[in-house]
Amino acid sequence: MKILLAVDGSKYTKKMLAYLTTHDEQFSNKNDYTVLTVQPPLPARARAAVGKDIADGYHAEEAEKVLGPVSKFLARHDINPKSAWKVGHAGETIAKFADNGKFDLLVMGSHGHSALGNLVMGSVATQVLAHCGVPVLLVR
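About the criteria used
Residues numbered from 1 in each chain as written. Predicted model: local features only at pLDDT ≥ 70, side-chain atom pairs only at ≥ 80, totals over all residues. Heavy atoms only, no water. Buried < 20%, exposed > 50% of the residue type's maximum accessible area, 1.4 Å probe, protein only. Helix = DSSP H or I, 4+ residues; strand = E, 2+ residues; numbered from the N terminus. Pairing = 2+ DSSP bridges. Right-handed = clockwise from strand over helix to strand, strands pointing away. Contact = heavy atoms within 4.5 Å. Axes fitted to C-alpha atoms, helices over the stretch in contact; angles between N-to-C directions. Parallel < 35°, antiparallel > 145°, perpendicular 65-115°, else oblique. Left-handed = near helix turned anticlockwise from the far one by under 90°. Nonpolar A, V, L, I, M, F, W, Y, C, P; charged D, E, K, R; others polar.

Caption draft 1: Spatial organisation of the pairing of strand 1 (residues 2-6). Most of strand 1 is tucked away, with four of its five residues classed as buried. Bridge count for strand 1 against strand 2 (residues 32-39) is five bridges, and the pairing is parallel. Within the sheet, the bridge partner assigned to Lys 2 lies in strand 2 and is Asp 32. With respect to chirality, the unit in which strand 1 leads through helix 1 (residues 11-21) into the neighbouring parallel strand 2 is right-handed. Strand direction decides the pairing type here: strand 1 and strand 4 (residues 105-109), joined by four bridges, are parallel. Bridge pairing in strand 4 places Leu 4 opposite Leu 106.

Quick look at the structure:
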């Protein structure tokens, strides 16, 4: 099975990883895993001021802060995932990546950002469910 793990480094990501690694009957190391994190875009003026190379470097560093610990955790459980990061609005970007990658399942935590942010723009999980054609497992 080809499984996408959407992570943001929050406590909900940690709960999702704990669930994944304690349910060996469903999530064995025989599956093909990809870990994805999505970085919010820099404001256009900031990106223009610092330039493309610096902005891209910043996004890569921020992504690694999330992906590094997740990959190490999974490696301790004999899961060696591929890693990917994108820049964009999280919900839509995760859904598009899952659909384009032809994943069999998307697994993610149900709350990754502040309640105020969810009130204003809707939760990432809600956006993923609205836009994704791949089955989604939300872990709370």
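Caption draft 2: Up close: helix 4 (residues 90-100). Looking only at helix 4, the buried set comprises Ala 90, Gly 91, Thr 93, Ile 94, Ala 95, Phe 97 and Ala 98. Elements in contact with the buried residues of helix 4: strand 1, strand 2, strand 3 (82-87), strand 4 and helix 6 (124-131). Just past helix 4, the residue Lys 102 takes up positive phi, approximately 55 degrees.

Caption draft 3: How the structure looks around the packing of helix 4 against helix 6. It is the contact of helix 4 with helix 6, at a shortest axis distance of 7 Å, that shows an interaxial angle of 40 degrees. By the criterion of interaxial angle, the relationship of helix 4 to helix 6 is oblique. Read as a crossing pair, helix 4 and helix 6 show a hand that is right-handed. For the pair helix 4 and helix 6, the contacting residues are Ala 90, Gly 91, Glu 92, Ile 94, Ala 95 and Asp 99 in the first and Val 124, Gln 127, Val 128 and His 131 in the second. By residue class, the composition of the contact of helix 4 with helix 6 is five nonpolar, three polar and two charged.

Caption draft 4: Structural context of the side chain of Thr 37. If you trace the backbone, Thr 37 turns up in strand 2. Residues in contact with Thr 37, not counting those within four places in the same chain, are Val 7, Asp 8, Ala 63, Val 66, Leu 67, Ala 84, Trp 85 and Lys 86.

Caption draft 5: Geometry of the environment of His 131. Take His 131: it is sitting in helix 6. We classify His 131 as partly exposed; its relative accessible area is 46%. With 57 residues separating them along the chain, His 131 and Leu 74 place their C-alpha atoms 27 Å apart. Excluding residues that lie within four positions of it along the chain, His 131 makes contacts with Glu 92, Ala 95 and Asp 99.

Caption draft 6: Main features of the sheet that holds strand 5 (residues 136-139). Taken in spatial order, the five strands make up an open sheet running 3-2-1-4-5, and their pairing is parallel. Of all strands in the sheet, those with a lone pairing partner are strand 3 and strand 5, marking the two edges. For this sheet the average axis-to-axis angle between neighbouring strands, irrespective of direction, equals 25 degrees. Across the sheet, helix 3 (residues 52-75) is in contact with strand 1, strand 2 and strand 3; its angle to strand 2 comes to roughly 145 degrees.

Geometry only, nothing functional implied.
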